[in-house]
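Each chain is listed here by its residues.
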Amino acid sequence: MEKPVNALLHGTLDALILKTLTGGPRHGYAIARWIEEATGDALQIEDGSLYPSLYRMEQKAWVEAEWGESELGRRVKLYRITPAGRARLRHETRQWQTFTKVVSRVLLPA
Amino acid sequence: MRRRLLRAWLWKPSVDEEVDGELAFHLEMRRREYVARGMSSEEARQAALRRFGDVRLAHDTCWRLGRDRDRQMRRREYLAELRQDVGFGWRQLWKNPGFAFVAIVTLALGIGATTAIFSAVHAVVLRPLPYHEPHRLVYLFERWRDIERGGVSVGNFVEWSRRATLFDGIAAIQYDNFNVTEGRTPERVIGAHVSGHYFDVLGVGAALGRTFGRDDDQPGREDVVILSHRLWARRFAGDPGVVGREVRLSGRQHTVVGVMPASFDVTMDGEELWVPAAFSGEEQADFDRHFLTISARLAPGVTIDQAQTELATIAAQLEKEQPIFNAQRGANIEPMMAIFVGDYRQRLFAPARTGASRCDSPVVRRSGRNRQQRRLRPRSRVASNPVLDMLRGGRSGGMGAPRDRVRSALVVAEVALALLLLIGSGLLIRTALALGAVDPGFDPRGVLSARVALPRDDYLDHTRTVQALEGMVDETRVVPGVTRAAVVSQVPLGPGGNSNGLIPEGRPMGPRSVIVSQLRLVSPRYFETMRIPIKEGRRFTDQDREGVQKVMIISEALARQAWPKENAIGKRISCCEPGPGGIRTPDYKVVVGVAGDVRSFGLAVSPMPEFYLPIAQAPSNPPGAAWDWVQRTMYIVARTPTDPAALASSVARAIRQVDPKLPLFNVRTMEERMASSVAASRFNTVLLTTLGIMGLLLAAIGIYGVIAYFVSQRTQEIGVRLALGAAPADVARLVIRQALKPVLVGLFLGVTGALAVSGLLANQLYGVEPRDPMTIAALSLGFVLVALLASWAPARRAARVDPTRALNTA
């Protein structure tokens, strides 16, 4: 298990959330859990930062929300990625690739 | 996408609930997760909170973002809705050109009528008088018998001004004509003699120079004049140096002291110049002749009623002090605004309210608010499927739903109002027809009439005046085309009149014996010229002159009042001597003829008692008195077998043969005078007819709309009926029955309303009762026919419904 990374790069959380939603509509807790599991708990996101990010993306129409029923039978807000969100995700991914490639070349000389 | 947005919108919790619920759910899930890992419930709760971070900050940020998002969404939603509605509306109109046409006509009628009526109201009622605080301005009248707005005698004016305390000022106006010879051709100008207070009462100052002061209003100093802006511009070329200039008015020198502002051009009688009244001491003691118009300004805070009470008290005192002249004379006060505006206020406001209510027509109403209901309607229609209802045994809800009831109520209102207006116009149209058949008592065809004014200074002498008038008649008679000519002091249907109190010989000399009668000074051939029949006795001849027996011809109405069961010829009657002297030593004239009655005050007004005196015997004590009574103006009348209007210039030339300074004015054919005497009632007729027909159209559209909708809503039910063996005619009957229900209710209300308010029209009607059953029945029947016509197309459509298709769409 790697050491938890606390500080996230700008925009990276958004990209992670969007990536999560490509698997289908999820509520906030499920998104948090998915990110934890996919990163093997290495990426410890503060739960509190997740929701402002979701609301911001909702406003930008990258995600949209609908109300459904949770596992506990409660009415819960389910987020779903929109076509604009997918485009954003592709953009963020490309950025990330460029970023890692460039930074790696500097920090990890072959 | 759109439907989802809409659903989210409709079912969405508030932003508060949304954020709270979402964060609480998250924390609860974390807690359960940690409990599952073996923590105690409380440890798990703390851990979940730690993991979350600043709950408050997250909550606030989300709440703010969520609220912004909702606002944005609402805006987007609204614009999308709008776009969609516009598109929907456009496609609907395009698909149903008939409906589009009806909708556009409805809106056009509504907007047009409202605009037209508002313009009229604005021009006539809302434009304020050009005076200071006009609401405090009133007119004062003498009330005498059934005359509410009688002229005021100088004596009463002086006494009222002296005794009344509730007025800031009282001013007298005496309208008069002036010959203005300044500049080019002589012109007859309407003007007024006003008492010193006049301009102060109105609260208007001069644009140039000054208005009158007390000093001007003194006998011997009255040769000053104030010009209206219009007259100043027209005859004095707007000369800024006009103040101080000498001008000749009716042959007398006057000094211009002021010019009024342009806003003052709106005057009651269109007068264009003012000179001081300067009543002499003798005139101030005159309670006999009632010719003044009195305007006054109420003191601040005084109501009309208070002023009326005070004035009535003063009038009662004056009646005691002047038992002969002020017998049965009271006083009357009315707001100036009301007089200026006349009864247009009443005439215009009632229809204006009707016009405004058109905005509630169903077409306009429906477009606004019910967007969501409309979109949701398919669902609700399933819920109350008429077929199911009917099969369940109910009589179904075609007209039952609240919105349908509203529509029916609108139809009821439309029908009721339209019928009301149509009954009004029907009554006025019948009045017009009746008036067309009325015998005015003379033959107006082929008669030209024109007014000529005799300047006081040139025509003080009685004999000279008579000679001049006879000269005018002689000159006019030789104009080519003229067969008869005469002069008369007042033509029938002309403005104003000269009423006199007559006492037949043998009756006691007192107010109770007086018969009020209209004086006409005429030249001998007046009756032939106007073709007024002489029923008994003789006409005037050239021998009826000064120095021989004084004669008069009276109208049948006067003969009936004076000697109800006797022959009037040879009887004597006293008249026309002014003052108490005339009462003590009556001046008798012999009746030599009885003329047919003439409707001198309008075709709808019953003939009044009238008496005729030959000009040569016009009362001349005091000198010129009779000519002053008739305002020193006479009408020349000329008959021709051809077009009378074509005579105008030759008659004017003939008058100038007698005196080149005499202008001819108010030149009109008698047929024109007839037409303008019915102009007011024609204005009403046109107005009410237009509104009534528009109402009828709108009602028809409303009926059609409601019934068409009714049919479309009940297509399934109709299909079932047809499938069960109903004949198409039965279906058509059902539809028409539905259509007639609100119409009949509306007709009932309309007729009830008409019976209640038609009394308001009573004074505009002639030859027809305000509640004429014929008019009401005919128009109601007409309305039923229109309703049948309007429901005809939907009924036919209903009868042709294909049962199978109707059931399949259910």
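Residues numbered from 1 in each chain as written. Chains lettered and ligands numbered in written order. Predicted model: local features only at pLDDT ≥ 70, side-chain atom pairs only at ≥ 80, totals over all residues. Heavy atoms only, no water.

**Student:** Would you take a moment to explain the overall build of chain A for this structure?
**Tutor:** Assigned secondary structure in chain A consists of four helices and two strands. Written out in order from the N terminus, the α and β elements of chain A read α-α-α-β-β-α. Classification of the 110 residues of chain A by burial places 39% in the buried group. Residue pairs at least 24 apart in sequence account for 52% of intrachain contacts in chain A once pairs closer than 6 positions are excluded. Entry remark: accessible area of chain A is about 6500 Å², with carbon and sulfur atoms responsible for 55%. (Helix = DSSP H or I, 4+ residues; strand = E, 2+ residues; numbered from the N terminus. Buried < 20%, exposed > 50% of the residue type's maximum accessible area, 1.4 Å probe, protein only. Contact = heavy atoms within 4.5 Å. Areas by Shrake-Rupley, 256 points an atom, 1.4 Å probe, with all protein chains shown as cover.)

**Student:** Mind showing me how you'd approach the side chain of Asp597 of chain B here?
**Tutor:** All names here are of chain B. Here Asp597 shows up in the loop between β20 (588–595) and β21 (610–614). In terms of polar contacts, Asp597 uses its side chain to reach the backbone amide nitrogen of Glu556, at 3.3 Å. In terms of polar contacts, Asp597 uses its side chain to reach the side chain of Arg560, at 3.3 Å. Those residues in contact with Asp597 that sit more than four places away from it in its chain are Pro440, Gly441, Ser555, Glu556, Ala557, Arg560 and Pro607. (Polar contact = N/O pair within 3.5 Å; in protein donor to acceptor, adjacent residues only side chain to side chain.)

**Student:** Looking at this structure, how should I read the pattern of salt bridges?
**Tutor:** Between side chains of opposite charge, a pair can form when the charged atoms approach closely. A full pass over the atoms with the stated rule returns 48 salt bridges over all chains. With a shortest N-O distance of 2.2 Å, Arg30 of chain B and Glu36 of chain A are connected by a salt bridge. Of this pair, Arg30 of chain B sits in helix α2 (residues 15–36) while Glu36 of chain A sits in helix α2 (residues 28–38), placing the two residues on different chains. The pair Arg30 of chain B / Glu36 of chain A is uniform in exposure class, with both members buried. It is possible to trace a salt-bridge network through shared partners that takes in Arg33, Glu36, Glu37 and Asp47 of chain A together with Arg30, Glu33, Arg37 and Arg51 of chain B. (Salt bridge = Lys/Arg side-chain N within 4 Å of Asp/Glu carboxyl O.)

**Student:** Sorry if this is basic, but what is going on with the pairing of β20 of chain B here?
**Tutor:** Regular strands place their side chains on alternate faces of the sheet. Residue and element names in this part refer to chain B. Burial analysis of β20 places eight of its eight residues in the buried class, the great majority of the element. Note: strand β17 (residues 534–537) against β20, three bridges, orientation antiparallel. Across the sheet, residue Glu536 finds its bridge partner in β20, namely Val594. Relative to β20, strand β19 (residues 572–574) is paired through three bridges, and the arrangement is antiparallel. Within β20, the residue paired with Ile573 across the bridge is Lys589. (Pairing = 2+ DSSP bridges.)

**Student:** Explain the nonpolar core here, please?
**Tutor:** The nonpolar side chains of soluble globular proteins are, as a tendency, buried together. Residue and element names in this part refer to chain B. Counting 48 residues, the largest nonpolar core has Leu521, Ile554, Phe611 and Trp627 as the members making the most contacts within it. The biggest single contributor to this core is helix α17 (residues 462–477), with five residues. In this structure, Leu428, Val706, Leu722 and Phe783 belong to the second largest nonpolar core, which totals 36 residues. (Core = buried A, V, L, I, M, F, W, Y, C linked by side-chain atoms within 4.5 Å.)

**Student:** How should unusual backbone geometry be read in this particular structure?
**Tutor:** The general pattern is negative phi for most residues beyond glycine and trans for most peptide bonds. For Ala61 of chain A, which is not a glycine, the phi torsion comes out positive at approximately 65 degrees. Summarising the element assignment, Ala61 of chain A is placed in the loop between α3 (47–59) and β1 (63–69). The phi angle at Ala237 of chain B is positive, at roughly 55 degrees, despite the residue not being glycine. The residue Ala237 of chain B is located in the loop between α8 (229–235) and β8 (246–249) in this model. Here Ala237 of chain B falls in the exposed class, since its relative accessible area comes to 70%.

**Student:** Teacher, can you tell me more about the interface of chain B and chain A here?
**Tutor:** Interface extent is often summarised as the accessible area lost during association of the parts. Taken residue by residue, the interface counts 30 residues in chain B and 29 residues in chain A. The contact between chain B and chain A buries some 2700 Å² in all, and 56% of this surface belongs to carbon and sulfur atoms. Together, Glu22, Phe25 and Arg51 of chain B form the three largest contributors to the area buried by chain B at its contact with chain A, with a combined 26%. Across the chain B-chain A interface, the total number found is eight salt bridges. Put simply, Arg51 of chain B and Asp47 of chain A hold a salt bridge, and the shortest N to O gap is 3.9 Å. Of all elements in the fold, only α1 (2–11), α2, α3 (41–52) and α4 (55–95) of chain B reach the threshold of two or more residues within the side of chain B that touches chain A. Tallying contributions element by element places α2 of chain B first for the side of chain B that touches chain A, with 13 residues. Residues belonging to the side of chain B that touches chain A are distributed by class as follows: 12 nonpolar, six polar and 12 charged. (Buried area = accessible area lost by both parts, 1.4 Å probe. Nonpolar A, V, L, I, M, F, W, Y, C, P; charged D, E, K, R; others polar.)

**Student:** Explain the pairing of strand β5 (residues 187–194) of chain B here, please?
**Tutor:** All names here are of chain B. By the criterion of burial, β5 is predominantly enclosed, with six of the eight residues buried. By the bridge criterion, eight bridges tie strand β4 (residues 167–180) to β5 in an arrangement that is antiparallel. Among the inter-strand pairings, Asn179 is bridged to a residue of β5, identified as Arg188. Two elements, β5 and strand β10 (residues 273–276), share four bridges in a ladder whose sense is parallel. Each bridged residue has a counterpart across the sheet, and for Gly191 the counterpart in β10 is Leu273.

**Student:** Just checking my understanding: could you explain the packing of α2 of chain B against α3 of chain B for this structure?
**Tutor:** Packed helices, taken two at a time, are described by their axes: the angle between them and the distance between them. All names here are of chain B. At a minimum axis distance of 8 Å, the contact between α2 and α3 shows a crossing angle of 125 degrees. Considered as vectors, α2 and α3 are oriented oblique to each other. The chirality of how α2 crosses α3 is right-handed. Contacts from Leu23, His26, Leu27, Arg30, Arg31, Tyr34 and Val35 in α2 reach Ser41, Ala44, Arg45, Ala47, Ala48, Leu49, Arg51 and Phe52 in α3. Split into classes, the residues belonging to the contact of α2 with α3 amount to nine nonpolar, two polar and four charged. (Axes fitted to C-alpha atoms, helices over the stretch in contact; angles between N-to-C directions. Parallel < 35°, antiparallel > 145°, perpendicular 65-115°, else oblique. Left-handed = near helix turned anticlockwise from the far one by under 90°.)

**Student:** What should I look at first to understand the environment of Ile693 of chain B in this one?
**Tutor:** Residue and element names in this part refer to chain B. Tracing the chain through its elements places Ile693 in helix α24 (residues 679–713). According to the relative accessible area criterion, Ile693 is partly exposed, its value standing at 45%. Taking C-alpha positions, Ile693 is 9.4 Å from Ser425, a pair spaced 268 residues apart along the chain.

**Student:** Please clarify how the side chain of Glu142 of chain B should be interpreted in this entry.
**Tutor:** All names here are of chain B. Along the polypeptide, Glu142 turns up in strand β1 (residues 137–144). Judged by relative accessible area, Glu142 falls into the buried class, the value being 0%. Only 2.6 Å separates the side chain of Glu142 from the side chain of Asn156, close enough to count as a polar contact. Among the polar contacts listed, one links the side chain of Glu142 to the side chain of His290, at a separation of 2.7 Å.

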